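# Per-entry structural report
Chain by chain, the residues:
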Amino acid sequence: MGEVTPTQQQTPSRLVFRTPATAVLGALLFIVTATPFAAASPWLLLTYLLPVVAIVAVLRLRTTATADGLVARTMFARHDLPWSDIRALRVSERSWVRAVLASGKEQPLPSVRTRHLPALAMISGGRLDDPSEPPAASDEPQEPADEPPAEKAVSADET
């Protein structure tokens, strides 16, 4: 077997984006601290539902990326998204990422953030553009960003 040199990159076979399992500790701490409050009345026992839902969400919500596509697991469903069905990725104001499908529908990708886009581009095998890479150099000269773009005059011969 050949050795991998530092200049070579190994592409993983799959990436899993999920909330760290240590987040369950926060929900367990909430259960402990809510116990005196919940013991005050039988109806207040419903406060235990909040940490239980949080634990289920931490364990269930995830997005798995493979060479074949994405698998988005929500609380109650699993969505298989082959790369051929994904037209683009849309980033919301809060850095959440959604897959825009060929049908125009948007599918949320749980636990995927803007910082994960280069990893998604890598595992997609070139089907998605890496936003962290600079744009390809074009033959046209670029104007400096500090100055406003110069107006181009159009002569009557060009119209």
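The structure this text deals with has already been given above.
The paragraphs below set out a description of the structure included in this document.

Reading the values: the criteria
Residues numbered from 1 in each chain as written. Predicted model: local features only at pLDDT ≥ 70, side-chain atom pairs only at ≥ 80, totals over all residues. Heavy atoms only, no water. Helix = DSSP H or I, 4+ residues; strand = E, 2+ residues; numbered from the N terminus. Buried < 20%, exposed > 50% of the residue type's maximum accessible area, 1.4 Å probe, protein only. Lys, Arg positive; Asp, Glu negative; His and termini not counted. Salt bridge = Lys/Arg side-chain N within 4 Å of Asp/Glu carboxyl O. Contact = heavy atoms within 4.5 Å. Phe/Tyr/Trp six-rings, centres within 6.5 Å; stacked < 30°, edge-to-face > 60°. Lys NZ or Arg CZ within 6 Å of the ring centre and 35° of its normal. Patch = residues over 30% accessible without salt bridge, like charges linked within 9 Å, V, L, I, M, F, W, Y side chains within 5 Å. Areas by Shrake-Rupley, 256 points an atom, 1.4 Å probe, with all protein chains shown as cover. Pairing = 2+ DSSP bridges. Axes fitted to C-alpha atoms, helices over the stretch in contact; angles between N-to-C directions.

With that out of the way, let us pick up the side chain of Arg-62. Residue position: Arg-62 is located in strand β2 (residues 62–66). Of the side chains with opposite charge, Asp-80 lies nearest to the buried Arg-62, which makes no salt bridge, at 12 Å. If near-sequence neighbours (up to four positions away) are discounted, Arg-62 is found in contact with Val-16, Phe-17, Arg-18, Val-71, Ala-72, Arg-73 and Pro-110.

To continue, consider the packing of aromatic side chains. As enumerated under the stated definition, the model contains zero aromatic pairs in all. Geometry around Trp-96 places Arg-113 over its ring, the cationic atom sitting 3.6 Å from the centre.

Here we come to a nonpolar patch on the surface. Among the surface-exposed residues, Trp-43, Leu-46 and Leu-49 lie close enough to one another that they form a single nonpolar patch of about 400 Å² accessible area. Along the chain, Trp-43 turns up in the loop between α1 (23–38) and α2 (49–60).

The next point concerns the sheet that holds strand β7 (residues 106–113). Pairing is antiparallel in the open sheet, where three strands are placed in the order β5-β6-β7. Looking at which strands have only one partner, the edges of the open sheet turn out to be β5 (86–91) and β7. On average, each strand axis in the sheet is tilted by 30° relative to the strand beside it, whichever way the strands run.

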